[in-house]
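# Tertiary structure, described
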Amino acid sequence: MNTQINNVRLSPHFLLNEFLNLGKYSQNIPSMQEVVNMTYGCHLLLEPARNEVGPIIINSGFRNEAVNRKVGGVRNSQHLLGQAADIRLKDPGQFPKLVEFLKASPYTDQLLTGNGWLHVSWNPFAQPRHFVRIGYYT
């Protein structure tokens, strides 16, 4: 299964494997719905953001319940649904531009920034909340 996952493309620049961290959490396998949710986020948020600011690195994407507990994620984390990613940029100088882009996107459900990284979420099934907290993770 892991070999198959390595080649699944969610969008032109993002692979499913980037969202799973299988090297560390080998049982972190999403359902088909969770893959669809990640694909939605890639196409409507991450690819457009990448077009604005350059390469994006996924620190954390999908998390099953066991992984979410291990990393201290909240019980209702959108990571559990494949509806969130913690990201950073290859070029950290573009971070302010990324924040502004995601704040302005109609698809951003939640945007929480840290020191050089951010959490962004989306929801294919509900109106985005546009919940933004700059400096949330400090």
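Residues numbered from 1 in each chain as written. Predicted model: local features only at pLDDT ≥ 70, side-chain atom pairs only at ≥ 80, totals over all residues. Heavy atoms only, no water.

## Some points on the overall build of the protein
As a reminder, the rule being used: In DSSP terms, a helix is any run of H or I states spanning at least four residues, a strand is any run of E spanning at least two, and both are numbered starting from the N terminus. Every radius of gyration here is taken over C-alpha atoms, with the globule rule written as 2.2 Å times N^0.38, N being the number of residues. For the exposure calls, accessible area comes from a 1.4 Å probe over protein chains only, and a residue counts as buried if that area is under 20% of its type's maximum, exposed if over 50%, partly exposed in between. When checking whether two residues touch, look at their non-hydrogen atoms; a contact exists if any pair is within 4.5 Å. Every accessible area reported is derived by Shrake-Rupley at a probe size of 1.4 Å, with residue values counting cover from the shown protein chains alone. When charges are tallied, Lys and Arg are placed among the positive residues and Asp and Glu among the negative ones, while His and the ends of the chain are skipped. Throughout, a charge is located at the NZ atom of Lys, the CZ atom of Arg, the CG atom of Asp or the CD atom of Glu.
Along the backbone of the protein there are 4 helices and 7 strands. Taking 14 Å as the expected radius of gyration for a compact globule of 138 residues, we find that the protein reaches 14 Å, a close match to that expectation. When the backbone C-alpha atoms are referred to their principal axes, the protein occupies close to 40 × 30 × 30 Å. Among the 138 residues that make up the protein, the fraction classed as buried is 45%. Taking as baseline every contact in the protein between residues at least 6 positions apart, the subset at least 24 positions apart corresponds to 57%. A total of about 7500 Å² of accessible surface is found on the protein, and carbon and sulfur atoms cover 52% of it. For the protein, the distance from the average position of its 13 positive side-chain charges to the average position of its 9 negative side-chain charges is 6 Å.

## Things to note about the packing of helix α2 (residues 32–53) against helix α4 (residues 95–104)
How we decide: Under this scheme, a helix contributes an axis fitted over its contacting stretch, all axes are lines through C-alpha atoms, and angles between N-to-C directions fall in the 0 to 180 degree range. For this classification, under 35 degrees means roughly parallel, over 145 means roughly antiparallel, 65 to 115 means roughly perpendicular, and everything else is oblique. Crossings are classed by handedness, with left-handed meaning an anticlockwise turn of the near helix from the far one by less than a right angle and right-handed meaning a clockwise turn. All residues other than Ala, Val, Leu, Ile, Met, Phe, Trp, Tyr, Cys, Pro, Asp, Glu, Lys and Arg, Gly among them, are scored as polar; the first ten of these are nonpolar and the last four charged.
Contact geometry of α2 with α4 gives a least axis separation of 10 Å together with a crossing angle of 140 degrees. Taken together, α2 and α4 sit at an angle that is classed as oblique. Read as a crossing pair, α2 and α4 show a hand that is right-handed. Touching L45, P48, A49, E52 and V53 of α2 are K97, L98, F101 and L102, all from α4. A class-by-class count of the residues in the contact of α2 with α4 yields 7 nonpolar, no polar and 2 charged.

## Remarks on the pattern of salt bridges
Formally: Each reported salt bridge corresponds to a side-chain nitrogen of Lys or Arg within 4 Å of a carboxyl oxygen of Asp or Glu.
In the structure shown here, the tally under the stated rule is 3 salt bridges. E100 is paired through a salt bridge with K103; the nearest N and O atoms lie 3.4 Å apart. In this pair, E100 and K103 both sit in helix α4, 3 residues apart, roughly one turn of the helix. Look at K103 and you get partly exposed, because its relative accessible area is 37%. For D109, the salt bridge goes to R129, with nearest N and O atoms at 2.7 Å. Taken together, the residues span a long stretch of sequence, with D109 in the loop between α4 and β5 (110–113) and R129 in the loop between β6 (118–121) and β7 (131–133) at a distance of 20 residues.

## Focus on α4
Two residues of an α-helix separated by three or four positions point the same way, owing to the 3.6 residues in each turn. Where we set the bar: Throughout, the arc means that of the directions going from the helix axis to the C-beta atoms.
For α4, the set of buried residues is F95, L98, V99 and L102. On an axial view of α4, the arc spanned by its buried residues comes to 100 degrees, and they lie on one face. What points out from α4, more than 90 degrees from its buried face, is the exposed set P96 and A104. The secondary structure elements touched by the buried residues of α4 are α2, β4 (84–89), β5 and β6.

Treat this as a map of the structure, not an account of what it does.
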